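Breakdown of the fold
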Amino acid sequence: MQMSLKLGVNIDHIATLRQARREPFPDPVDAAAVCLATGADYIVVHLRKDQRHINEKDVALLCKTFPGKIHLECSYTPELEKAALKYKPFSVCIVPEEPGEVTTTGGLKFSPKVNKRLLEMIENLHKKHILVSLFISPDAASVRTAAKLGADIVELCTRDYSEAASAKQARKCLQDLALSTLLAKELGLEVHAGHGLDYHNVLAVADIGGMACMNIGFAIITRSLFAGLPTAVNEMKGLL
Ligand code: PXP
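The shown structure was predicted, so the numbers you read here are calculated from the model rather than taken from an experiment. (Residues numbered from 1 in each chain as written. Predicted model: local features only at pLDDT ≥ 70, side-chain atom pairs only at ≥ 80, totals over all residues. Heavy atoms only, no water.)

In the numbering used here, UniProt assigns the "binding site: 1-deoxy-D-xylulose 5-phosphate" (unreviewed entry) feature to Asp12, His13, Arg48, His53 and Thr103. The named residues occupy 92 residues along the chain; their greatest pairwise C-alpha distance, 12.6 Å, places them in one compact cluster. Structurally, Asp12 is set in helix α1 (residues 12–21). When near neighbours in sequence (up to four residues on either side) are disregarded, Asp12 contacts Val44, Val45, His46, His53 and Ile54. When residues no more than four places from it in sequence are discounted, the contact partners of Thr103 are Arg48, Arg52 and His195. (UniProt positions renumbered as here; feature names shortened; annotations may be inferred. Helix = DSSP H or I, 4+ residues; strand = E, 2+ residues; numbered from the N terminus. Contact = heavy atoms within 4.5 Å.)

With that out of the way, let us pick up a nonpolar patch on the surface. Together, Leu17, Leu225 and Phe226 give the surface a local cluster of nonpolar side chains, amounting to about 410 Å² of exposed area. Its location among the elements puts Leu17 in helix α1. (Patch = residues over 30% accessible without salt bridge, like charges linked within 9 Å, V, L, I, M, F, W, Y side chains within 5 Å. Areas by Shrake-Rupley, 256 points an atom, 1.4 Å probe, with all protein chains shown as cover. Salt bridge = Lys/Arg side-chain N within 4 Å of Asp/Glu carboxyl O.)

Here, UniProt's "binding site: 3-amino-2-oxopropyl phosphate" (unreviewed entry) annotation points to Asn10, Arg21, Gly196, Gly217 and Phe218. An extended arrangement is adopted by the annotated residues: their sequence extent is 209 residues, and the largest C-alpha distance between any two is 26.0 Å. Under the relative-accessibility criterion, Asn10 is labelled buried at 11%. Discounting chain neighbours no more than four positions away, the residues touching Asn10 are Val44, Glu73, Ile216, Gly217 and Ile221. Among the polar contacts listed, one links the side chain of Asn10 to the backbone nitrogen of Asp12, at a separation of 2.8 Å. Along the chain, Phe218 falls in helix α10 (residues 218–227). (Buried < 20%, exposed > 50% of the residue type's maximum accessible area, 1.4 Å probe, protein only. Polar contact = N/O pair within 3.5 Å; in protein donor to acceptor, adjacent residues only side chain to side chain.)

Before going further, it helps to examine the pairing of strand β8 (residues 213–216). Taking every second residue as pointing to the same face, both faces of β8 are buried, with Cys213 and Asn215 on one and Met214 and Ile216 on the other. Pairing of strand β1 (residues 6–10) with β8 involves 4 bridges; the strand directions are parallel. Within the sheet, the bridge partner assigned to Lys6 lies in β8 and is Cys213. Looking at chain direction, strand β7 (residues 190–194) and β8 are connected through 3 bridges and run parallel. By the bridge assignment for β8, Ala193 is matched with Met214. (Pairing = 2+ DSSP bridges.)

We now examine the nonpolar core. Among the nonpolar cores identified, the biggest contains 72 residues, and Leu134, Met214 and Ile220 are the most heavily contacted of them. A total of 6 residues in this core trace back to one element, the largest contributor, which is helix α8 (residues 167–186). Beyond its immediate stretch of four places on either side in the chain, Leu134 contacts Cys93, Ile94, Leu108, Phe110, Ile122, Ala146, Leu149, Ala151, Ile153, Val154 and Glu155. (Core = buried A, V, L, I, M, F, W, Y, C linked by side-chain atoms within 4.5 Å.)

Next up on the list: the sheet that holds strand β2 (residues 42–46). Taken together, 8 strands build a closed barrel; the order of strands is β1-β2-β3-β4-β5-β6-β7-β8 and the barrel is parallel. Going across the sheet, the axis of each strand differs from the next one's by a mean of 25°, ignoring polarity. Of the strand pairs in this sheet, strand β6 (residues 153–157) and β7 are connected by 5 bridges, and their pairing is parallel. Bridged to Glu155 within β7 is His192. (Axes fitted to C-alpha atoms, helices over the stretch in contact; angles between N-to-C directions.)

Turning our eyes to something else, we now look at the site of the ligand. Inspection of the region around the ligand gives 14 residues, with Thr104, Glu155, Gly196, Gly217 and Phe218 positioned closest. One of the side-chain N or O atoms of Glu73 is found 3.3 Å from a nitrogen atom in the ligand. Gly196 has a polar backbone atom sitting 2.8 Å from an oxygen atom of the ligand. Coverage of the ligand by the protein amounts to 93% of the 390 Å² it exposes when considered alone. Partitioned by chemical class, the residues of the shell around the ligand number 4 nonpolar, 8 polar and 2 charged. (Near = heavy atom within 4 Å. Nonpolar A, V, L, I, M, F, W, Y, C, P; charged D, E, K, R; others polar.)

Attention now moves to the pairing of strand β5 (residues 131–136). Across the 6 residues of β5, 5 count as buried, placing the element largely inside the fold. In this view, the connection linking strand β4 (residues 91–94) to its parallel neighbour β5 by way of helix α5 (residues 112–127) has right-handed handedness. Summarising the sheet, β5 and β6 pair through 4 bridges and their orientation is parallel. Bridging across to β6, Ile136 finds its partner in Leu156. One crossover worth recording links β5 to the parallel β6 by way of helix α6 (residues 140–149), and it is right-handed. (Right-handed = clockwise from strand over helix to strand, strands pointing away.)

With that out of the way, let us pick up the pattern of salt bridges. Enumeration according to the criterion identifies 10 salt bridges in this entry. Note that Asp58 is salt-bridged to Arg18, the shortest N-O span being 2.7 Å. Taken together, the residues span a long stretch of sequence, with Asp58 in helix α3 (residues 56–65) and Arg18 in helix α1 at a distance of 40 residues. According to the relative accessible area criterion, Arg18 is buried, its value standing at 7%.

Next comes the structure, spelled out in structure tokens:
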């Protein structure tokens, strides 16, 4: 296994729990501090259009408290772009957001109209010295488009891999991830992976040469209910 893969811990569901009772706790800032002290290299939060878990105030506080450590996920609406430019996270991952989705369902669907908008948003983020990642399907066309649009990073969607119905299907997904990683590296991009990764399935993805970071949320936060957040983060970091 290659050394020193970074771990981005997504703490959205700390805020989901808070919002279930509309209390001020559990506080994502407290959670971020624990994660960073116990193995997380950076913190990931997804600001959704409806702010159903992480809200703008959280993003503001997190960016202020942990400069250089916040990786913000958001869609490419003007409102979300405005928030990203205002709070200046270290990096932004642009993701698609479909109405009614429970979680992100896949990588960006590129089209001339979407690409024009992405290009504009990437340029605006770069003007504020914010690194830009694009969440994409692990295929050559998406990697090439991300590079052409000027992204710094691609996050390869591991949803198909994590939901593979057979070992054969999982192997095919891993092959797609490996080939996409190789191409992305050739094109000068940093490579992240995320969605649906857990304590079991992360190993094969982490083993792919050229991967830099794993972004993981649900598995860590749900494990933390039984093991505690420091243990849950530390165990995952230990696997990388
Ligand atoms: N990466 C991206 C772009 C995501 O949208 C998500 C889900 O919010 C994740 C990673 C983390 O996925 P999970 O919570 O399944 O670990």
